[in-house]
2 protein chains.
Amino acid sequence: MIYFDNCATTRTDDDIAALITKYQTETFFNPSARSSFSAEVSRNISVAREKVSRAFGAQNYAVYFTSGGTESNNTAILGSLKSKKGNIVATAAEHSSVYNVLLYLQSKGYEVRLAKVLPDGHIDTDDFLSRVDENTLLACFMHVNNETGAVNDVAGINAAVKEINPRAVTFSDGIQAVGKIPVNLADSVDLYTLSGHKLHAGKGIGALFVKNGVHINALLLGGGQEKGLRSGTEYAGGIMALGEACQRAVQNVDKNTENFLHYKQLIRQELNCRYVELCKENCSPAIMTVAFEKLKGEVLLHMLEEWDIVVGTGSACSSKNKQSRLAAAIGLPTAFSEGVLRLSFSKYNTAEQARLLGEKLFRCVLRLQKTMGV
Amino acid sequence: MIYFDNCATTRTDDDIAALITKYQTETFFNPSARSSFSAEVSRNISVAREKVSRAFGAQNYAVYFTSGGTESNNTAILGSLKSKKGNIVATAAEHSSVYNVLLYLQSKGYEVRLAKVLPDGHIDTDDFLSRVDENTLLACFMHVNNETGAVNDVAGINAAVKEINPRAVTFSDGIQAVGKIPVNLADSVDLYTLSGHKLHAGKGIGALFVKNGVHINALLLGGGQEKGLRSGTEYAGGIMALGEACQRAVQNVDKNTENFLHYKQLIRQELNCRYVELCKENCSPAIMTVAFEKLKGEVLLHMLEEWDIVVGTGSACSSKNKQSRLAAAIGLPTAFSEGVLRLSFSKYNTAEQARLLGEKLFRCVLRLQKTMGV
C-alpha cells in the first residue's frame, strides 16, 4: 500500500507506538495519584511538555495537552472569549473545527467577520486586517491551509492585528504546519494548536500553546489536571508519544522538505495532462492539491486504490459534505471543483512511490476522461 | 510491584494494547477519509460500538466515543441543558468531573441543589428525591461512589425522579461501575458514562450512552464525527480497545466479584487492628476503603511502597486537594478523615497479593501508631 493522504492522518512510528504501550501496560499509573510510581509518570509528562515546547520555540508559552486538534481548536476559541461585546475575525477557509465553532458563536450573538481567501488558499491579508478593529475580541488565521497547503505569515498577521488592537487575542491553527514546515512561535501569536496524529504520534492526543500573560478558560472541568485548563486523567502514553514525535519532526523537517519538493517534481513530470495545482507559491512542501477539469476526484481516488495507492480529496474532516467550502472560498471554477485530489507526503514516502503515483494518476485521468467523454 | 489502586487506573491488557498499536501503525487510516481502507476502519468502529452497547444492555441507547470519563461527564451535563429556567439536583459526593461542572453552572446562574450522602457514601435517596420537582432540568446520581464503593440503585432512583418529573433528564456517572459490577442499562437512566482506563482499555478513551429520544448538544464542534455529537478524528485504536475490554469485563464480572470478595476477607483477617471500613453494605466488590484513627493515609501509602505495594488515598482526580470533599459529605469524624486508604482490585490481583497487602498494611499501621504515639 502506497499512502499519500498524510494530511488526513499519518502512520504512527513503531517505536512511538511501543512507547504508548509502555505507558499503558507497564508504567500505567495515574499521574495524579499519590504513589512514587505516579510521581515518576508525572515528571515524565513534564519532560514531554518541555520537548514539545522546545521543538517549536515556545519558551514563552504554556503547553497544555488535549485529546487532539479539534479539542485544542475548540478550547482556544471558546476559552478565550470572555464577553459578547465585540467581533471575531477569521477566514472562510478555516478548518471545520474552527469554522463550526465560529458558526456556533454567531448563533449565540457574537459578530463573526469572515475575511476573503485568495484563489490559492492564502489569507487575503488586506481584507483580513480591514475587518480588525478596536472591538475585535479574537482573530483566527490558520497557519497552513489544510486543503491547498497555502502557508500564511502567522508572525506578520499577528503583528499587524496587534498594531490595530493590542487587546485582541490572536489564534492560529497550526495543525497542518507542525512537523511539515519550520515552526518557531518565538513570541508571535497568542494561541497555537497542533494534533498528534498528523505528525506520527498517534490519535487521541494534541496540544494547545498559550502565550504567557494570556488567560483562557477551561472547556473540560474536573480533577484540575493540566493546571486546571484540561481536566481528565492524562493520556500519558499519548503525551510521551507527542513529545518524542515533535522532537523528531523538527529534526527531520529540512530533509523532508527537500524530499517532498522532489516528489512534487516527479509527480508533475508524470502528470502529462491538463490540471491545475491549487497552490504553487509559498505552499507547504507536504501538500500538493491538484484539480482536473470535469472529472470527479472521488472517482480518481477509487481508481488509484486499484493500485493500492491512497490519496485524499480534501479535508477528511469535511469529507462527508458534498461540496467543499474551500472550493467556494477560493472561487475555484465549477468545472474543476469536483475534480480535486489532495496528495500529501510524509517521511515514509519515497521518490519511487511519488513517481508511481504520478504515473498511475496520469493513466487514471486518461481513462476517466475517455469514459466521461471529456 | 503489587498494584491495589485500580480505581485510579488499571493496567491495559497486553493484547488490547497491541490492538491499539495495530490501529496506529497498520490500519491507521482516518476513519472519515474516503478510501476503502478508511471505510473499513469506520465499519470496525461500528462493530466496537455494538460491543460496548451489548456489554451493558444498552440496546435502547446511542453510544458515543469520547476522550474519557471527564469529557463524557462534562458532555452529559453541559449538553443536556437547554435552559437556565430550572434546577439541577445532584449529590455532594459526585466525582470532581461532575461536581466542578455543577459549580460552574451555579456561577452561570443555574440553581444547583446538592442532596445529602449517607455515612457510607450511598445517596440519601429520600433527601435526593425531596429536591426534585417540576422545574428540575437534570438529576445527577453516580452509580458507584469512587471513594467508598457504595453502589446506588440507578434504576430505582431514575424511576422515582421520572415519576416526580418525567421531563427531567437523568444522568448517572458509571465510571466506577462498569466492568466492576453487573451493569444493565435496559431503559433506565437517560445518560450514562464510562471511562476506558478504569477497565483495562487504556487512557484517552471513554463513552457516553444517550437513551433513544433524549437529545443532547455537542461540546466539541468540527468535522461532525460521532453523528455530530463529538467532532475530532476518531481515536480508532482506543475505540477498538474499549469494545474488546467492555466485552471482556462483562464476561469476567462474576468470577472477579467472587475473587474480590475473597480478597476483602483476606485483608480483614490480616488487619488485626482498629479501623473502619467506610462502606460495608451494598458496596462494590472492587473497592475497600478503610480509615485509621489519628493516622495519615498518605504516610501509610508511602510506607507500603517500601514493599512495592501501591494503594490509593481516595480519588486520584482530587488527590492534589488537601481535604477530601467526600469525608465532609459523609461526615467522617476528623480523627479518621486523614487516615483513609482506598484499596481497589482488578483481575490482575491474586489472593496471595491480598493477603500480603493485609499483612504489610497491618505492620505499617502498628509502626506508624508507635511513631505517632497513638
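Residues numbered from 1 in each chain as written. Chains lettered and ligands numbered in written order. Predicted model: local features only at pLDDT ≥ 70, side-chain atom pairs only at ≥ 80, totals over all residues. Heavy atoms only, no water.

## Considering the overall build of chain A
Thinking step 1. Per the secondary structure count, chain A includes eleven helices and twelve strands.
Thinking step 2. For 374 residues, the compact-globule estimate of 2.2 N^0.38 gives 21 Å, and chain A sits close to it at 21 Å.
Thinking step 3. Each principal axis of the C-alpha atoms in chain A carries an extent, and together these give about 65 × 50 × 30 Å.
Thinking step 4. Across the 374 residues in chain A, those meeting the buried criterion constitute 64%.
Thinking step 5. Put simply, chain A shows about 13600 Å² of open surface, and 50% of that area lies on carbon and sulfur atoms.
Thinking step 6. Counting 40 positive and 38 negative side-chain charges, chain A places the centres of these two groups 4 Å from one another. (Helix = DSSP H or I, 4+ residues; strand = E, 2+ residues; numbered from the N terminus. Rg over C-alpha atoms; globule rule 2.2 N^0.38 Å. Buried < 20%, exposed > 50% of the residue type's maximum accessible area, 1.4 Å probe, protein only. Areas by Shrake-Rupley, 256 points an atom, 1.4 Å probe, with all protein chains shown as cover. Lys, Arg positive; Asp, Glu negative; His and termini not counted. Charge placed at Lys NZ, Arg CZ, Asp CG, Glu CD.)

## Details of the packing of helix α1 (residues 14-25) of chain A against helix α1 (residues 14-25) of chain B
Thinking step 1. In contact at an axis separation of 10 Å, α1 of chain A and α1 of chain B are set at 150 degrees when each is read in the N-to-C sense. Considering their axes alone, α1 of chain A and α1 of chain B lie roughly antiparallel with respect to each other. Here α1 of chain A runs over α1 of chain B; the crossing is right-handed. Judged by residue contacts, Asp14, Ala17, Ile20, Thr21, Gln24 and Thr25 of chain A of α1 of chain A engage Asp14, Ala17, Ile20, Thr21, Gln24 and Thr25 of chain B from α1 of chain B. (Axes fitted to C-alpha atoms, helices over the stretch in contact; angles between N-to-C directions. Parallel < 35°, antiparallel > 145°, perpendicular 65-115°, else oblique. Left-handed = near helix turned anticlockwise from the far one by under 90°. Contact = heavy atoms within 4.5 Å.)

## Looking at unusual backbone geometry
Residue and element names in this part refer to chain A.
Thinking step 1. In the Ramachandran plot, Glu226 falls in the positive-phi region, its phi being about 50 degrees despite a non-glycine side chain.
Thinking step 2. Locating Glu226 in the fold gives a position in the loop between β8 (206-211) and α7 (236-270).
Thinking step 3. At Asp308, a residue that is not glycine, the phi angle is positive and equals roughly 60 degrees.
Thinking step 4. Mapping Asp308 onto the fold places it in the loop between α8 (297-305) and β11 (309-310).
Thinking step 5. Exposure remark for Asp308: the relative accessible area of 38% places this residue in the partly exposed category.

## Describing the sheet that holds strand β10 (residues 287-291) of chain A
Residues and elements named next belong to chain A.
Thinking step 1. Here we have three strands laid out as an open sheet, ordered β9-β10-β12, and antiparallel in their pairing. Two strands bound the open sheet, and with one partner strand each, they are β9 (276-277) and β12 (340-344).
Thinking step 2. Bridging between β9 and β10 involves two bridges; their strand directions are antiparallel. Residue pairing across strands places Val276 opposite Ala291, the latter belonging to β10.
Thinking step 3. Contacting β9, β10 and β12, α7 crosses the sheet at an angle of about 20 degrees to β10. (Pairing = 2+ DSSP bridges.)

## A few points about helix α2 (residues 36-55) of chain A
Residues and elements named next belong to chain A.
Thinking step 1. A rise of 1.5 Å per residue sets the reference length of α2, with its 20 residues, at 28 Å; its end C-alpha atoms lie 29 Å apart and thus fit the reference within 8%.
Thinking step 2. For α2, every residue scored as buried is listed here: Ser38, Val41, Ile45, Ala48, Val52, Ser53 and Ala55. Down the axis, α2 shows its buried residues gathered within 165 degrees of arc, on one side only.
Thinking step 3. Looking at the buried side of α2, the elements it contacts are α1, β2 (61-66), β7 (191-195), β8 and α7.
Thinking step 4. A side-chain oxygen of the first residue of α2 lies 3.2 Å from the backbone nitrogen of Phe37; this N-cap is Ser35.
Thinking step 5. Gly57 sits one or two positions beyond α2 and adopts a positive phi of about 60 degrees. (Expected span 1.5 Å × (residues − 1). Arc of directions from axis to C-beta. Polar contact = N/O pair within 3.5 Å; in protein donor to acceptor, adjacent residues only side chain to side chain.)

## Describing the packing of aromatic side chains
Thinking step 1. One pass over the full model with this rule turns up 25 aromatic pairs over all chains.
Thinking step 2. Note on Tyr275 of chain B and Phe292 of chain B: the rings are 6.0 Å apart at their centroids and 45 degrees apart in plane angle, and the pair reads as tilted. With a gap of 17 residues between them, Tyr275 of chain B in the loop between α7 (236-270) and β9 (276-277) and Phe292 of chain B in the loop between β10 (287-291) and α8 (297-305) connect regions that are remote in the sequence.
Thinking step 3. Phe292 of chain B gets classed as buried once you look at its relative accessible area, which sits at 1%.
Thinking step 4. Among the aromatic residues, those joined into a ring-pair cluster are Tyr3 of chain A together with Phe28, Phe29 and Phe37 of chain B. (Phe/Tyr/Trp six-rings, centres within 6.5 Å; stacked < 30°, edge-to-face > 60°.)

## Notes on the interface of chain B and chain A
Thinking step 1. Between chain B and chain A, the contact holds 64 residues from the first and 64 residues from the second.
Thinking step 2. With both chains or domains summed, chain B and chain A bury close to 5200 Å², and 57% of this area falls on carbon and sulfur atoms.
Thinking step 3. Here Arg34 of chain B ties to Glu298 of chain A by a salt bridge, and the two come within 2.3 Å at their closest N and O atoms.
Thinking step 4. When contributions to the side of chain B that touches chain A are tallied by element, the ones reaching two or more residues are α1, α2 (36-55), α3 (69-80), α4 (96-107) and α8 of chain B. (Buried area = accessible area lost by both parts, 1.4 Å probe. Salt bridge = Lys/Arg side-chain N within 4 Å of Asp/Glu carboxyl O.)

## Overview of the sheet that holds β9 of chain B
All names here are of chain B.
Thinking step 1. Taken together, the three strands give an open sheet; going across it, the order is β9-β10-β12, and neighbouring strands pair in antiparallel fashion. The sheet is open, and its two edges are formed by β9 and β12 (340-344), each paired on a single side.
Thinking step 2. Across the sheet, α7 is in contact with β9, β10 and β12; its angle to β10 comes to roughly 20 degrees.

## Comments concerning the pairing of strand β4 (residues 111-115) of chain B
Thinking step 1. Pairing of strand β3 (residues 87-91) of chain B with β4 of chain B involves five bridges; the strand directions are parallel. If you follow Asn87 of chain B over to β4 of chain B, its bridge partner there is Glu111 of chain B.

## Some details on the side chain of Asn145 of chain A
Residues and elements named next belong to chain A.
Thinking step 1. Checked against the element boundaries, Asn145 lands in the loop between β5 (136-140) and α6 (154-164).
Thinking step 2. For Asn145, a relative accessible area of 0% translates into the label buried.
Thinking step 3. Of note is the side chain of Asn145, whose polar atom sits 2.7 Å from the backbone nitrogen of Glu147.

## Topic: the pattern of salt bridges
Thinking step 1. Within the structure shown, the criterion is met by 48 salt bridges over all chains.
Thinking step 2. Taking the shortest distance from any N to any O, the salt bridge between Glu244 of chain A and Arg248 of chain A comes out at 3.1 Å. Highlighted residues: Glu244 of chain A and Arg248 of chain A, both in helix α7, separated by four residues, approximately one helical turn.
Thinking step 3. A relative accessible area of 16% means that Arg248 of chain A is categorised as buried.
Thinking step 4. Here Asp5 of chain B ties to Arg342 of chain B by a salt bridge, and the two come within 3.7 Å at their closest N and O atoms. One end of the pair, Asp5 of chain B, is in the loop between β1 (2-4) and α1; the other, Arg342 of chain B, is in strand β12, and 337 residues separate them in sequence. In this pair, the class of Asp5 of chain B matches that of Arg342 of chain B, namely buried.
Thinking step 5. Salt bridges sharing partners connect three or more residues here, namely Asp13, Asp15, Lys51, Glu244, Arg248 and Lys347 of chain A.

## Focus on the relation of the copies chain B and chain A
Thinking step 1. Least-squares fitting of chain B to chain A yields an RMSD of 0.0 Å, with the superposition described by an axial translation of 0.0 Å and a rotation of 180 degrees. Such values leave the two copies arranged in the relation of a two-fold axis.
Thinking step 2. Taken as a fraction of all interface residues of chain B, those also at the interface in chain A reach 100%, which identifies the copy contact as same-surface. (Least-squares fit on C-alpha atoms with pLDDT ≥ 70 in both.)

## As for the environment of Arg131 of chain A
Residues and elements named next belong to chain A.
Thinking step 1. Among the secondary structure elements, Arg131 is positioned in helix α5 (residues 125-131).
Thinking step 2. A relative accessible area of 25% means that Arg131 is categorised as partly exposed.
Thinking step 3. For Arg131 and Arg54, which are 77 residues apart along the polypeptide, the C-alpha to C-alpha distance reads 34 Å.
Thinking step 4. Each residue touching Arg131, except ones within four places of it in the same chain, is listed here: Asn87, Val89, Arg113, Leu114, Ala115 and Thr136.

## Side note on a positive patch on the surface
Thinking step 1. A cluster of basic side chains, namely Lys84 and Lys108 of chain A together with Lys84 and Lys108 of chain B, defines a positive patch on the protein surface.
Thinking step 2. Within the secondary structure, Lys108 of chain B sits in the loop between α4 and β4.
Thinking step 3. Here Lys108 of chain B falls in the partly exposed class, since its relative accessible area comes to 42%. (Patch = residues over 30% accessible without salt bridge, like charges linked within 9 Å, V, L, I, M, F, W, Y side chains within 5 Å.)

## Remarks on the confidence of the model for chain A
Thinking step 1. Overall, the predicted model of chain A reaches an average pLDDT of 95, with 98% of residues at or above 70.
Thinking step 2. Among the prediction metrics, the complex's ipTM stands at 0.96, with pTM recorded as 0.96. (pLDDT = per-residue confidence, 0-100.)

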